[in-house]
Amino acid sequence: MRRCLLSELVDHNSCVSIDLDYPKKPHRCIEIVSSCKGLVCFVFDEEFVILWNPSTEKFRELPTYDPDVYGNDAYLVYGFGYDAYSKDFKVVSILCHNSGLNTYETDVRVFGLKSGKWRQVEAFPFGVVPNIPYGPLDYPGQFTNGSLHWLTTQSTISSPIIVSFNLKSERFGVVLQPIYDLLNDTEHTLLLGTLRHSLCVFCNYEDTRADLWIQNEYGVKDSWTKLLSMPALSAPPALLYMSEKRDIVFGIGSNIVVYSCEDGKFK
C-alpha cells in the first residue's frame, strides 16, 4: 500500500509515492472499503475488518462471523460511514448467500464503534441477484449524506437501482436515478461513486463514450446533472477525487488516471 498527494497527481505529470506500513498483513488479499473523517476501513482476506487511523497508527480489528456456514456461494459486502446523530462510526456488513434459482438471501449487520458489537438489522429488501457483469453488490457502499449506497438489480432483466441505507434510522431506501442517454440501446454499465460529498453515477457506453452524473441536492431526482462526457473506458473505474477545475481522478486497475475537463485528455 502506498500514498501520494492529490495535488501532485492533478497538477504535475508525476508524483512521489510513499510506502504505508498498514497494521495487518493479508494472506490472500486486501480491500479498502472506505475512508471517513480520518479513519480507513479495510477488509483483509475477505473476512477480517479493521478500522485504522493512519495519523496515529492505531487500529481496531472487528469481531468476525463465518459466511462459510451458508455454503460456497456466500460472500460479504461492506460499507463504512459516520452517524452524526449518535456520533458513532458504523460498519455495515451484508452477507449474501444463494437460496436457489439464482436468487440470494441476505443477513445485514451493523457494527458501532462505541458499542463494539455487531447487531442484526432488517434484511436487504430488494431481492439481491447477480448484476451482470460485476455480480450483486460487487462494490463497497458509497457514503454520503449520512447514508451508504449500493447499485444492484432486482432480477437479471431489470434495470439497476440505487439502494440506500440510512445510518441513523438503519433502514433501507431507494434513490431515484437520472434519465440516462441510452444511445439506441447501446450496451452500458453503471457504477456509483462520491465526489465532493455528492452522489455520482458513472455510465460507461461500450466503445463509444462515458457520462458522469452528479446529484446536486441529495434525494432530489431533478437535481441530477451530467457533469461531463469522456471517451469510454476499457475497465470499470473507481471515482476518487474532483479538483476545483473539475479534473477527475480515477482508479483503474492498479493505475491512477487523471482526466482533464479543460482539454479532454487523460494522464
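I will try to describe carefully the structure that is included in this document. (Residues numbered from 1 in each chain as written. Predicted model: local features only at pLDDT ≥ 70, side-chain atom pairs only at ≥ 80, totals over all residues. Heavy atoms only, no water.)

## Brief notes about the overall build of the chain
Along the chain, the regular secondary structure elements total one helix and 22 strands. For the chain, contacts bridging at least 24 residues in sequence account for 41% of all contacts bridging at least 6. Just so you have it, the chain exposes about 14300 Å², and 49% of that area is on carbon and sulfur atoms. (Helix = DSSP H or I, 4+ residues; strand = E, 2+ residues; numbered from the N terminus. Contact = heavy atoms within 4.5 Å. Areas by Shrake-Rupley, 256 points an atom, 1.4 Å probe, with all protein chains shown as cover.)

## Side note on the sheet that holds strand β5 (residues 48-53)
With respect to topology, four strands assemble into an open sheet ordered β3-β4-β5-β6, the strand pairing being antiparallel. Every interior strand has two partners, whereas the edge strands, β3 (30-36) and β6 (58-61), have only one. Each strand of the sheet is rotated relative to its neighbour by a mean of 20 degrees, with strand direction disregarded. Across four bridges, β5 lies against β6 in antiparallel orientation. Pairing of isoleucine 50 across the sheet is with glutamate 61, part of β6. (Pairing = 2+ DSSP bridges. Axes fitted to C-alpha atoms, helices over the stretch in contact; angles between N-to-C directions.)

## Overview of unusual backbone geometry
Despite not being glycine, lysine 37 has its phi angle at roughly 50 degrees, a positive value. Looking at lysine 37, the relative accessible area reads 63%, which means it is exposed. Positive phi values are uncommon outside glycine, yet lysine 87 reaches one of about 55 degrees. Note that lysine 87 resides in the loop between β7 (75-83) and β8 (88-100). Lysine 87 sits in the exposed class, given a relative accessible area of 55%. (Buried < 20%, exposed > 50% of the residue type's maximum accessible area, 1.4 Å probe, protein only.)

## Observations regarding the side chain of threonine 106
Structurally, threonine 106 is set in strand β9 (residues 103-112). From its side chain, threonine 106 meets the backbone nitrogen of phenylalanine 124 in a polar contact 2.9 Å long. Leaving out residues up to four positions away in the same chain, threonine 106 has contacts with Ile94, Leu95, Cys96, Ala123, Phe124 and Val128. (Polar contact = N/O pair within 3.5 Å; in protein donor to acceptor, adjacent residues only side chain to side chain.)

## Overview of the sheet that holds strand β22 (residues 265-266)
The strands making up a sheet are joined through hydrogen bonds of the backbone, oriented either antiparallel or parallel. A sheet is described by the order of its strands in space; here four strands give the open sequence β19-β20-β21-β22, paired in antiparallel fashion. Whereas interior strands pair on both sides, the edge strands pair on one side only; in this sheet they are β19 (238-242) and β22.

## Focus on the pairing of strand β21 (residues 255-260)
Here strand β20 (residues 248-252) pairs with β21 via five bridges, running antiparallel. Bridged to glycine 251 within β21 is isoleucine 256. Between the antiparallel neighbours β20 and β21 lie two residues, among them glycine 253 with a positive phi of about 60 degrees. Here β21 pairs with β22 via two bridges, running antiparallel. Within β22, the position partnered with tyrosine 259 by the bridge is phenylalanine 266. Hairpin connection, β21 to β22: the antiparallel pair is bridged by four residues, and glycine 264 has positive phi, about 70 degrees.

## Some remarks on the packing of aromatic side chains
Each aromatic ring pair is summarised here by two numbers: the centre-to-centre distance and the angle between the ring planes. Going through the model one piece at a time under the given rule, you end up with eleven aromatic pairs. A ring pair is formed by phenylalanine 42 and phenylalanine 44, whose centres lie 5.8 Å apart and whose planes are at 55 degrees; its orientation type is tilted. Considered together, phenylalanine 42 and phenylalanine 44 belong to a single accessibility category, that of buried residues. Taking the centre distance of 6.1 Å and the plane angle of 90 degrees together, the rings of tyrosine 180 and tryptophan 213 count as edge-to-face. In this pair, tyrosine 180 sits in the loop between β14 (171-175) and β15 (188-195) while tryptophan 213 sits in strand β17 (residues 209-215), placing the two residues 33 residues apart along the sequence. Ring-pair connections join several aromatic residues into one group, and the members of that group are Phe124, Phe126, Phe165 and Phe172. Sitting above the plane of the tyrosine 85 ring, lysine 168 keeps its charged end 4.3 Å from the centroid. (Phe/Tyr/Trp six-rings, centres within 6.5 Å; stacked < 30°, edge-to-face > 60°. Lys NZ or Arg CZ within 6 Å of the ring centre and 35° of its normal.)

## Quick look at a nonpolar patch on the surface
A surface patch of nonpolar side chains, about 230 Å² in accessible area, is lined by Met1, Ile30 and Ile32. Among the secondary structure elements, isoleucine 32 is positioned in strand β3. (Patch = residues over 30% accessible without salt bridge, like charges linked within 9 Å, V, L, I, M, F, W, Y side chains within 5 Å. Salt bridge = Lys/Arg side-chain N within 4 Å of Asp/Glu carboxyl O.)

## Re the pattern of salt bridges
With the rule as written, the count across this model stands at eight salt bridges. Across the pair lysine 90 and glutamate 170 runs a salt bridge, and its minimum N-O distance is 3.0 Å. Remark: glutamate 170 occurs in the loop between β13 (161-166) and β14 and lysine 90 occurs in strand β8; sequence separation between them is 80 residues. It is possible to trace a salt-bridge network through shared partners that takes in Asp83, Lys90, Arg119 and Glu170.

These figures come from the coordinates and say nothing about function on their own.
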